[in-house]
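Letter by letter, the chains look like this.
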Amino acid sequence: MWKLSVGGLVGIILCFQYAHSQVAKTIARDLDIKYAVRTNFAMVGRAPHSVAELTLTNTGNTALPETGYSLFFCHDNFLFPVSYQEDLAKYEAAPYGGPLIIEGYDVNFLHGCMYEFKAVGAGLQPKESKNITLYFQPFTVSRYDSFRNWYVRDNANNIEVLPDTVNLDYVGDFKTPLNQLRRTDDLQSVPKEPQDRQNAYVPFMSGVLYDVTPKPREQTVNQPVNLIDVTAAKGGWKIAATDPTLDTARDYLASQTKIKTATAAPANPKTIELNLKPASYFPTQVYGPVTDEAYELKITPNKIEINGASPKGVINGIHTFISQQAWREVPEQIIRDGPRFPERALHLDIASNFYQPAEIKKVIDLMALYKLNRLYLQLWNNHGLRLDMGLGAAQIAGKRCHDPKEEMCLFTQLGSNPDGSGLGNGYLTPTQFKNLIEYADDRGVMIVPSVNVGDNARAMVVGMEGAIKSGKQGISLFDPTDEDLRISGRYPGKDTAINPCRPETMQFVNYVLKSLKRIYSQAGIPLSRLHFGSDFNTEQMMTSKHCFPIAPRNATELQAARSKLTAIKADFLAQLGALFTRENVDISGTVDFFTGFPDNEFVSRMTIMDKSKRYPNISAFAINDDYMRFNPPAGPNSRMEIYANRAQLLKNNGYKVLVSPPHKTKFDTAYEPDPNAPGDYSVATRNVSLREAFAWVPNSRCCNLNLAPEQVANEVTKHGCLASTLCDPFADGITSFDGTMATIDTRKLPNINTTLQLLTPRLFSFAERSWHEAPWEASFTAATPYQPPQAQNQAMVPPLDVSPTLNPDFTGLEEDYQRFRSIIGAKEVMRVASKGIPVFCSAPGARVVRQPTGDKLETSCMYPNMKVYVKNNMGEFEEMKTIPTTNVTIKCQYYLPSFRRFFECYEQEFNSNLDKTPYEHVYDHIQQRAEAMRREQEALRIRNQQNIMEMARRQAAQQAAFLQRQQQQGGGQQGGAGQLPGAAQLAGAGQQGRGQGGARRQGAGQRGAGQAGRGAQQRRQAGR
């Protein structure tokens, strides 16, 4: 029998521990990850699914272990939804239950976007691969739906990031309609070829070098043009402020131009003078309704005046002057200007992914250059808490790492490093936030804190609980004994929402408000507004003991509870109003925040919380971002509810309303439907082009809708404008909304440079629409409903097209867009790029025009002064002058090499032999299908018309015969008493049937969109 010494035993144990400590490193070194979406059109049972293939390859020379480790990763769409049991919060394999094991991995959903594949028999021999089929919902059409930093954790708790996943190179290409489209008719998602861009190309306009964006109300350039060199190097110019309140503006102008300042008007006549003028100096008929932001800019050879009614107006004038100075010499001129809206806002999400203060300042700089004046900063949501307010929550929820118990950090999400370092992590200290407030104010931008008190608030809830458990004083926002429903399928812990019924919630809001007021006070600027970025979670409220001490036990009691939710919300808002009034702070919120909860009886999302009863003595700002949802008519005597109408309902009730249609202002989307371009998307909005961001009408009550024509039948035009019968009017004395808002959600944008590129130049378009009201906008208004002919000699079936009519001024729109695009291309993109702000530049346009005299190559670029270059065999780019005979890679570059350092344009493969692009194929398919349906419907309409006419003929013959018999029998005077139904009645019945069919189509397209069985007047009543 053998014996083992103590030293030998210790050695074996150490060797065993060492081997296990190497598992994570071995997996990270040898395991290759590849992920590719195959289709968005698979069916699992009766449910549509998308399918991806995950390929795992052992690239090493030793076998990978069967067990002893887990893979962790973030997947945006929910995996294996058919196998997930929500009531148990886990996967179960069919048909007998038990864990879901796929290719040797036990699949577990954790929360948020995080999954664990636990190895239970996942060994891989050297050079061996295995494919794992992933089913998920809904679709994915972009590389940026995937996240970085997959990692492995072994049983010794060692963690290593898989190197293949530190960027998105592990994600396969999206090259077929199966993985490019969200629907079979999804024209919006078809990637563009160079031919598509060239087909849409509009030539640039000359003579815009000294034009300004946003466009001023009046700009008069002296003729002949007299150019004046206003630079620091020449002329001895000085900057002087004639009022002490303009000293900050003076110093800001000096920092931007490098021109020296003077404490008073110098003897040297070449002076840039900043002046305050009385409000009467700026009549509204010239400068517009926002007097305190109006300015006058006078440029003469020896003196430049920037006059404003307030420092904000002077700042606006400074930014116009800086734009004029981009080419050093400015023309002698006078500009008189003021904004159309007092509120021109950008909502920046720094909660999903954190940006450092210096990075946020770049966004503020960009906003200021184009006269945007409100920055809403999202401070927390489910993914992160980004401001330390002294309770210890930010130290936990301000970073993400691998911490399943979430005692030190939030569990990693959205591709963050598992060790808590790198992109996406961090939070602002009070001092940093104070400095940002001051920095923004110096540039005419007010920072509005945006918080979530309701849904989407997990970071604050978890962070606060963690701080309390660690012994710090905090306010508990989570009651584990509250047996509510699972309020979010993505977070089984029921900890994503803050309950308005708990007394701690109002205590928490009070603390937040006073903490923010303290920071703003230290900056010398009062906190004037706090924004609530989410609504309350009704499922949490419905079954919470704090809302209903006796829990609803059946359907009747659940309905009774639901009918009380709006009253609970109204009481909470009244408490908020009292608190905010005491603190002299205005309240702001999403449109849902200020409207009721549907209850199937009297309340809908169209029910407005009466401002006069909740917060009469402060301003209430509502952000209307809902331009897609609607409710079909609840009955024959009610009309369709269009959620976009809530904007004017709120305005009529005393709210200040900012409009924010996502398909025009959601700038975290890509510019083009390019699967390889960064950005997010939704069911409704695939991308927002530069033109889409320009071509909308902020002050229209009736337009800017994003409703598919087949969804709303004959109620909206193809231009997104409602029929006048459905467009709610303004109340007497109200003529305008109060502002606009663009948004950036950073969930898929951990890098600030990507965000800045998504903003530039689309933010210029947004600023143009927010500041300047173009003449063509007046033509986008309520559409005229279809009116059948009044005089008809015979019964008629309505024509197929009974949509409302509208004739927008597209000529004026296109000319204005051409002017704007020429300005930003000639000057603005170079101006911001020279300040280190990344600029988006698309791939080129190119096509071959077939002509009898020889084929001709046409090319174009997004900006002027560029040419198209082709990559040669050496990997270098040279100007494309001839038609390529093979597929080549092309991109745009400035023809002056010294300009190329500022930004790069996208590259793309160009097939000069392509006769029809994929976009054209899909478009033709949709048109052919629509034409076939139109022919079928027209044939049916003709048959119906013939049937009605035949029935009318028979009825007329029967009636004539009946009358003849009556006359023959001597009772002709009684003939009308037995008259049969006439043809017109038959036609009316046919038309009614057609209308009922349309209503059925509407209902089928929007099941679950709203609630039926309530009157229109009841649904709009305020003061719940």
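Residues numbered from 1 in each chain as written. Predicted model: local features only at pLDDT ≥ 70, side-chain atom pairs only at ≥ 80, totals over all residues. Heavy atoms only, no water.

Q: Help me understand the overall build of the chain in this model?
A: Helix and strand counts for the chain stand at 26 helices and 39 strands. Counting all 1024 residues of the chain, 53% fall into the buried class. Relative to all contacts within the chain whose residues are 6 or more apart in sequence, the contacts with residues 24 or more apart total 75%. Element-wise, carbon and sulfur atoms account for 51% of the exposed surface of the chain, whose accessible area totals about 43,900 Å². (Helix = DSSP H or I, 4+ residues; strand = E, 2+ residues; numbered from the N terminus. Buried < 20%, exposed > 50% of the residue type's maximum accessible area, 1.4 Å probe, protein only. Contact = heavy atoms within 4.5 Å. Areas by Shrake-Rupley, 256 points an atom, 1.4 Å probe, with all protein chains shown as cover.)

Q: What's the story with the sheet that holds strand E3 (residues 67-74) in this structure? I'm lost.
A: Adjacent strands of a sheet pair through backbone hydrogen bonds, lying either parallel or antiparallel. Taken in spatial order, the six strands of this open sheet run E7-E8-E9-E3-E11-E12, and their pairing is antiparallel. Unpaired on one side and paired on the other, strand E7 (101-102) and strand E12 (159-161) mark the two borders of the sheet. Two strands pair when backbone bridges link them, and E7 and strand E8 (residues 105-109) are joined in this way by two bridges, in the antiparallel orientation. Note that in E8 the partner of Ile101 across the bridge is Asp106. (Pairing = 2+ DSSP bridges.)

Q: Even after reading the chapter, I still don't get the environment of Arg502, so can you show me in this structure?
A: Note that Arg502 resides in the loop between helix H11 (458-469) and helix H12 (503-522). Separated by 43 residues in sequence, Arg502 and Lys545 have C-alpha atoms that sit 9.3 Å apart. Only 3.4 Å separates the side chain of Arg502 from the backbone oxygen of Leu477, close enough to count as a polar contact. (Polar contact = N/O pair within 3.5 Å; in protein donor to acceptor, adjacent residues only side chain to side chain.)

Q: Help me understand the packing of aromatic side chains, please; the structure alone is not making it clear to me.
A: Aromatic ring pairs are reported here in terms of the distance separating the ring centres and the angle at which the planes meet. A complete count under the given rule lists 43 aromatic pairs for this structure. Joined through ring pairs, the aromatic side chains of Tyr69, Phe73, Phe78, Phe80, Tyr84, Tyr91, Tyr105, Phe109, Tyr115, Phe117, Trp150 and Tyr170 make up one cluster. (Phe/Tyr/Trp six-rings, centres within 6.5 Å; stacked < 30°, edge-to-face > 60°.)

Q: What is the right way to look at the pairing of strand E17 (residues 271-276) in this model?
A: Here is the key point about a regular strand: its side chains alternate between the two faces of the sheet. Here E17 lies mainly inside the structure; five of its six residues are buried. Where E17 and strand E19 (residues 303-308) come together, six bridges link them in parallel fashion. Counted as the bridge partner of Leu274 is Ile306 from E19.

Q: What am I meant to see in unusual backbone geometry here?
A: A negative phi angle characterises most non-glycine residues, just as the trans form characterises most peptide bonds. Each neighbour pair has its own omega, and for Gln137 with Pro138 the value is -15°, a cis peptide bond. Relative to the assigned elements, Pro138 resides in the loop between strand E10 (129-137) and strand E11 (151-154). Omega for the peptide link from Thr760 to Pro761 comes to 15°, which places this bond in the cis form. A positive phi angle is found at Lys258, which is not glycine, with a value near 65°. Following the sequence through the fold, Lys258 ends up in the loop between helix H5 (247-257) and strand E16 (260-262).

Q: In this structure, what is going on with the pairing of strand E34 (residues 845-849)? I would like to understand it.
A: Relative to strand E35 (residues 856-860), E34 runs antiparallel, the two sharing five bridges. Directly across from Val848, in E35, lies its bridge partner Leu857. The turn joining E34 and E35, which pair antiparallel and follow one another in sequence, is formed by six residues; a positive phi near 135° is taken by Gly854.

Q: How should I be thinking about the state of the cysteines in this particular structure?
A: Here, the word disulfide means a covalent bond between the sulfur atoms of two cysteines. The full count for this structure, using the stated rule, is seven disulfides. The residue that forms a disulfide with Cys841 is Cys905, at a sulfur-sulfur distance of 2.0 Å. With the S-S dihedral at roughly 75°, the linkage between Cys841 and Cys905 falls on the right-handed side. Remark: Cys905 occurs in the loop between strand E38 (888-894) and strand E39 (908-910) and Cys841 occurs in the loop between helix H23 (810-833) and E34; sequence separation between them is 64 residues. Just as Cys841 is buried, Cys905 falls in that class too. (Disulfide = S-S within 2.5 Å.)

Q: Before we go on, may I ask you to explain the packing of H5 against helix H7 (residues 311-324) in this structure?
A: Between two packed helices, both the angle of their axes relative to each other and the distance between the axes serve to describe the pair. As a packed pair, H5 and H7 sit with axes 10 Å apart at the nearest point and diverge in direction by 15°. The angle between H5 and H7 places the two elements in the roughly parallel class. In the crossing of H5 with H7, the sense of the turn from one axis to the other is right-handed. Between H5 and H7, the contacting residues are Ala249, Tyr252, Leu253, Gln256 and Thr257 on the first element and Val314, Ile315, Ile318, His319, Phe321 and Ile322 on the second. (Axes fitted to C-alpha atoms, helices over the stretch in contact; angles between N-to-C directions. Parallel < 35°, antiparallel > 145°, perpendicular 65-115°, else oblique. Left-handed = near helix turned anticlockwise from the far one by under 90°.)

Q: Would you mind showing me how to read the nonpolar core here?
A: When a protein is soluble and globular, its nonpolar side chains tend to lie buried together. Membership of the largest hydrophobic core comes to 189 residues, with the highest contact counts inside it found for Trp380, Phe580 and Phe903. Setting aside residues no more than four positions away along its own chain, Phe580 makes contact with Val509, Leu513, Leu530, Phe532, Val585, Asp586, Ile587 and Ile618. Within the second largest apolar cluster, 41 residues are counted, among which are Leu31, Leu64, Phe80 and Val107. (Core = buried A, V, L, I, M, F, W, Y, C linked by side-chain atoms within 4.5 Å.)

Q: Could you clarify how one ought to interpret the pattern of salt bridges in this entry?
A: As a working rule, side chains carrying opposite charge can pair if their charged atoms are close by. Taken as a whole and judged by the stated rule, the model has 62 salt bridges. Between Arg819 and Glu768 there is a salt bridge whose closest N-O contact spans 2.8 Å. Taken together, the residues Arg819 in helix H23 and Glu768 in helix H22 (residues 762-771) connect sequence positions 51 residues apart. Of the two residues, Arg819 and Glu768, both sit in the buried class. A salt bridge links Lys827 to Glu828; its shortest N-O distance comes to 3.8 Å. Given the relative accessible area of 0%, Glu828 is considered buried. Here the residues in one salt-bridge network are Asp535, Lys569, Asp592, Arg605, Asp626, Arg629 and Arg646, joined through shared partners. (Salt bridge = Lys/Arg side-chain N within 4 Å of Asp/Glu carboxyl O.)

Q: Just to check I follow, could you spell out the side chain of His75 for this structure?
A: As for its position among the elements, His75 is in the loop between E3 and strand E4 (78-79). In terms of polar contacts, His75 uses its side chain to reach the backbone carbonyl oxygen of Asn77, at 2.7 Å. Leaving out residues up to four positions away in the same chain, His75 has contacts with Tyr35, Cys113, Tyr115, Phe136 and Arg490.

Q: Mind showing me how you'd approach the packing of helix H8 (residues 357-369) against helix H10 (residues 430-442) here?
A: Where H8 contacts H10, the axes come no closer than 10 Å and their chain directions differ by 20°. Considering the angle they form, H8 stands roughly parallel to H10. Once H8 is placed against H10, the crossing between them reads as right-handed. The segment H8 lies against H10, with Pro357, Ile360, Lys361, Ile364 and Asp365 engaging Gln432, Leu436, Tyr439 and Ala440.

Q: Explanation requested: the sheet that holds strand E37 (residues 877-879) in the structure shown.
A: Pairing is antiparallel in the open sheet, where four strands are placed in the order E37-E36-E38-E39. Single-partner strands in this sheet number two, and they are E37 and E39. Taking each pair of neighbouring strands and ignoring which way they run, the sheet shows an average axis angle of 50°. Pairing analysis gives five bridges linking strand E36 (residues 866-871) to E38, with the strands arranged antiparallel. Within E38, the position partnered with Val870 by the bridge is Ile890.

Q: What am I meant to see in H8 here?
A: Think of an α-helix as 3.6 residues a turn; residues three or four steps apart then line up on the same face. If you check H8, its first and last C-alpha atoms are 18 Å apart, about what 13 residues at 1.5 Å a residue would give, namely 18 Å. Positive phi shows up at Lys371, right after H8, with a value of about 65°. (Expected span 1.5 Å × (residues − 1).)

Q: Looking at this structure, I do not really get the side chain of Ser450. What am I missing?
A: Structurally, the position occupied by Ser450 is in strand E26 (residues 446-451). Side chain to side chain, Ser450 and His347 meet in a polar contact 3.2 Å long. For Ser450, the side chain forms a polar contact with the side chain of Gln378, separated by 3.0 Å.

Q: Please clarify how the environment of Pro761 should be interpreted in this entry.
A: Note that Pro761 resides in the loop between helix H21 (752-759) and H22. The buried category is assigned to Pro761, whose relative accessible area is 0%. Counting along the chain gives 68 residues from Pro761 to Val829, while the straight-line C-alpha distance between them is 7.0 Å. Ignoring sequence-local partners within four residues, the contact set of Pro761 consists of Tyr671, Leu690, Ile824, Val829, Phe840, Met862 and Tyr863.

Q: Sorry, what's going on with H10 here?
A: Between its first and last C-alpha, H10 extends 19 Å over 13 residues, near the 18 Å set by a 1.5 Å rise per residue. Where H10 is buried, its residues contact H8, strand E23 (374-378), E26 and H12. Just beyond H10, the residue with positive phi is Gly444, at close to 80°.

Q: What's the story with the confidence of the model for the chain in this structure? I'm lost.
A: Atomic detail in the predicted coordinates should be set aside for any region of low pLDDT. Per-residue confidence for the chain gives a mean pLDDT of 88, with 89% of residues at or over 70. Considering only residues more than four positions removed or in separate chains, one finds that residues 9-18, a stretch of pLDDT under 50, has two contacts. This stretch, residues 972-1024, has a pLDDT under 50; its non-local contacts, to residues over four places away or in other chains, come to 86 contacts. (pLDDT = per-residue confidence, 0-100.)

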